[in-house]
Amino acid sequence: MKWLDRFTEESVRAVARRSSRRSLLAGIGALFVGAAALPLLPVARGAEAKPAPGKKPGGGTADPGDPSACDYWRHCAIDGFLCGCCGGTQATCPPGTEMSAITWIGTCHNPGDGKDYVISYNDCCGKTSCGRCFCNRNERDTPLYQPGQSNDYNWCAGSSQSNIPYHCSTARIVGAAE
Amino acid sequence: MIVGTALAAAVLSVSGAGKAGAALPPDVGATKTVESLPSPPGKHWLWVNDFVFPHMTDGTVHLLDGDSGKYLGLLSVGSSFSHVILPRDGKLVYSPEIYFSRGTRGTRTDVVTIYDTSTLKVVGEIGIPPKRVSSVPTSGNAELTDDDRFLLIYNFTPAQSVSVVDTMSRSFVGEVETPGCAFAFASGPRSFFGMCADASFLAVDLDDSGHAVRQTRTDALFDGAHDPVAEHPVRIGNTWYYVSFDGRIHPIRKSGASFVAEPAWPLTTAAERRAGWRPGGVQQLAIHAGLGRLYVIMHQGGRETHKDPGKSIWVYDLASHRRVQTISAAHPLVSIKASTDDQPLLFAIVAESNVIDVYAPTTGKLLRSIKDVGTTPSLIVTTP
């Protein structure tokens, strides 16, 4: 199991969480048609997510840190393989994969400008797991029965638009949190 | 023919080379070419479920003998696997599996595959809707009703429902919509429950054909906003024990057709909480009904470490709620499970490894470590 050794070397908080990980978050909410008692949960549509105005993703003082590192600020609630290590970036999927249409959104603090941002952790789907740069951080993560804030769901599965295998996870800025 | 001739020549050559004593008997030509296992399965066998995170289309289940540490065999269980479910007679294994027609692409097909526990061969297959949840493995993703008649499978698309499968007719019965509620925990011969986002429970009663006849929604049974419970409970009879992120045990008891919360109790003293002690891991609780003991994986850390492994197993007397034993684990652990017999073993998955540790729960002694068990083992299932 040499991959595990590599895992441990390459990822900051690596595993342990191997178990807890896998994830990919959730989003949901409005999709629970007919759920009278269900609280509405945040839903992000990745294709519609746009970088915040004036922000240059992936480096520089406005967006500090290494997007391929687990401790990069946008990864505060991610759980999966970082797409930036898999041929994509923190905002785009690797070639030949497909971005999940729906996912969970979290809120992370950007030390570069002191603001909180809403982050959409869209999964990239359609190939087997990338296996590189595993990262699991659980700020404000909730259990699976509270899917809107749980990073343990696989968003490549289930959705009728991308009912295919999980490859890696992005961390896309939706906008500044108010 | 050529091969046969060469083989005969080779055998002559070998027999002629012997100097003293009888030659070893030939393996070739023996009637037994494939191993089989005793039936029913041993009480100290464990099924280690591995969703193989680095290549999730190749899920596996590893069958081990906890007494000898021997590796007994493997099941290949498809993509994004969670866990197998064992009926009480021990003769079969039910495995909810996902396949794609071209390996990683093409049409998704979901089935419940049925294996024989003595041959580990497929003996049946039941088609189910391609909706089964794909998540970090957890026991509530699928369970059998208490009489083993119906298999209950949690769906998440992300609309939430439960697929009901009749194990007697080996057929899919139908779906029960469970909006806002996750999992399919069996709670009787004809009932199950889900856990809802607002910390309430959804109780569902089935008729003898497996169709839902009643749904009852409770009030919130714990503080889901400030101190939610982890997904994985342990059960004795009609009581399910959950542990919260901050380390409180919440006993939830079935009462009639619904559920009630018994008084919660803390695992830790105020001083221990100040020192950061809290539960963590995946299968972070284990229980043994006969001993009346609850086992909890503990570590020190902040709120966001609720999934972290622990090197300490704290043991509680369920009657008094007192900690009666502390097991210092040899390795950090993510999952634990006790066998159900009266001479139990405590099985554990070591974090950041594919090692399974076996402990004597009463003494806390590490009996053996079983290495090279899959890739990312996550949940342990034992013989009921």
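Chemist: Lay out the overall build of chain B with the relevant residues and their values.
Modeler: Each helix and strand in chain B was counted, giving two helices and 28 strands. Scaling as 2.2 N^0.38, a compact globule of 384 residues should have a C-alpha radius of gyration of about 21 Å, and chain B matches this with 23 Å. Here chain B, with 384 residues, has 49% of them falling under the buried criterion. Taking all contacts inside chain B whose residues are at least 6 apart in sequence as the whole, residues at least 24 apart take part in 44%.

Chemist: Provide a residue-level description of the overall build of chain A, including the pertinent values.
Modeler: Along chain A, the regular secondary structure elements total one helix and ten strands. Listed by position from the N terminus, the elements making up chain A come as α-β-β-β-β-β-β-β-β-β-β. Here the contacts in chain A between residues at least 6 apart in sequence split such that 75% fall between residues at least 24 apart.

Chemist: Now, about the sheet that holds strand β6 (residues 115-120) of chain A: what can you tell me, with residues and values included?
Modeler: Residues and elements named next belong to chain A. Spatially, the three strands line up as an open sheet ordered β5-β6-β10, and their pairing is antiparallel. A single partner strand is all that each edge strand has here, and the edge strands are β5 (105-110) and β10 (172-176). Across the sheet, the axes of successive neighbouring strands diverge by a mean angle of 40 degrees, strand direction being ignored. In this sheet, β10 lies alongside β6 in antiparallel orientation, the contact comprising four bridges. Each bridged residue has a counterpart across the sheet, and for I119 the counterpart in β10 is I173.

Chemist: Please provide a residue-by-residue account of the environment of A142(B), values included.
Modeler: Residue and element names in this part refer to chain B. With respect to the element layout, A142 can be found in strand β7 (residues 142-144). Assessed through the 27 C-beta atoms surrounding it within 10 Å, A142 is described here as buried. With sequence-adjacent residues up to four places away left out, A142 is seen in contact with S82, I85, P96, L151, L152, I153, Y154 and A184.

Chemist: Please set out the confidence of the model for chain B residue by residue, giving values where relevant.
Modeler: Scored by pLDDT, chain B comes out at a mean of 94, with 95% of its residues at no less than 70. Of the two predicted TM-score estimates for the complex, the pTM is 0.87 and the ipTM is 0.92.

Chemist: Account for the pairing of strand β10 (residues 171-177) of chain B, with residues named and values stated.
Modeler: All names here are of chain B. In this structure, strand β9 (residues 160-166) lies alongside β10, joined through six bridges in antiparallel fashion. Across the sheet, the residue bridging to V164 is G174, located in β10. Connecting β9 to the antiparallel partner β10 that follows it, the hairpin turn spans four residues, and R170 within it adopts a positive phi of roughly 50 degrees.

Chemist: Tell me about the sheet that holds strand β4 (residues 92-100) of chain B, and please be specific about residues and values.
Modeler: All names here are of chain B. With antiparallel pairing, the three strands of this open sheet are ordered in space as β4-β5-β6. This sheet does not close on itself; its edge strands, each paired only once, are β4 and β6 (122-128). Ignoring strand direction, the axes of neighbouring strands in this sheet form an average angle of 25 degrees.

Chemist: How would you explain the pairing of strand β12 (residues 191-196) of chain B if you had to name every residue and give the values?
Modeler: Residue and element names in this part refer to chain B. Here β12 lies mainly inside the structure; six of its six residues are buried. From the end of strand β11 (residues 181-188) to the start of β12, which pair antiparallel, there are two residues. In this structure, β12 lies alongside strand β13 (residues 201-206), joined through five bridges in antiparallel fashion. Each bridged residue has a counterpart across the sheet, and for S191 the counterpart in β13 is D205. Taking the residues that link successive antiparallel strands as the turn, the β12-β13 hairpin has four residues, and the phi of A199 there is positive, at about 75 degrees.

Chemist: Lay out the confidence of the model for chain A with the relevant residues and their values.
Modeler: Reading fine detail from the predicted coordinates is not recommended where pLDDT is low. This prediction gives chain A a mean pLDDT of 72; 63% of its residues lie at or above 70. Every residue in residues 1-56 of chain A scores below 50 in pLDDT, and together they form 168 contacts with partners more than four places removed in sequence or on other chains.

Chemist: Can you tell me about unusual backbone geometry, naming the residues and giving the values?
Modeler: Note that the residue after S39(B), namely P40(B), is joined by a cis bond; omega there is 0 degrees. Following T157(B), the chain continues to P158(B) via a peptide bond in cis, the omega torsion being 10 degrees. The topology assignment puts P158(B) in the loop between β8 (150-156) and β9. Positioned with a positive phi, R140(A) is a non-glycine residue whose angle comes to about 65 degrees. On the secondary structure map, R140(A) appears in the loop between β8 (134-136) and β9 (166-169).

Analysis parameters
- Residues numbered from 1 in each chain as written.
- Chains lettered and ligands numbered in written order.
- Predicted model: local features only at pLDDT ≥ 70, side-chain atom pairs only at ≥ 80, totals over all residues.
- Helix = DSSP H or I, 4+ residues; strand = E, 2+ residues; numbered from the N terminus.
- Rg over C-alpha atoms; globule rule 2.2 N^0.38 Å.
- Buried ≥ 20, exposed ≤ 12 C-beta atoms within 10 Å, placed from the backbone.
- Contact = placed C-beta atoms within 7 Å.
- Pairing = 2+ DSSP bridges.
- Axes fitted to C-alpha atoms, helices over the stretch in contact; angles between N-to-C directions.
- pLDDT = per-residue confidence, 0-100.

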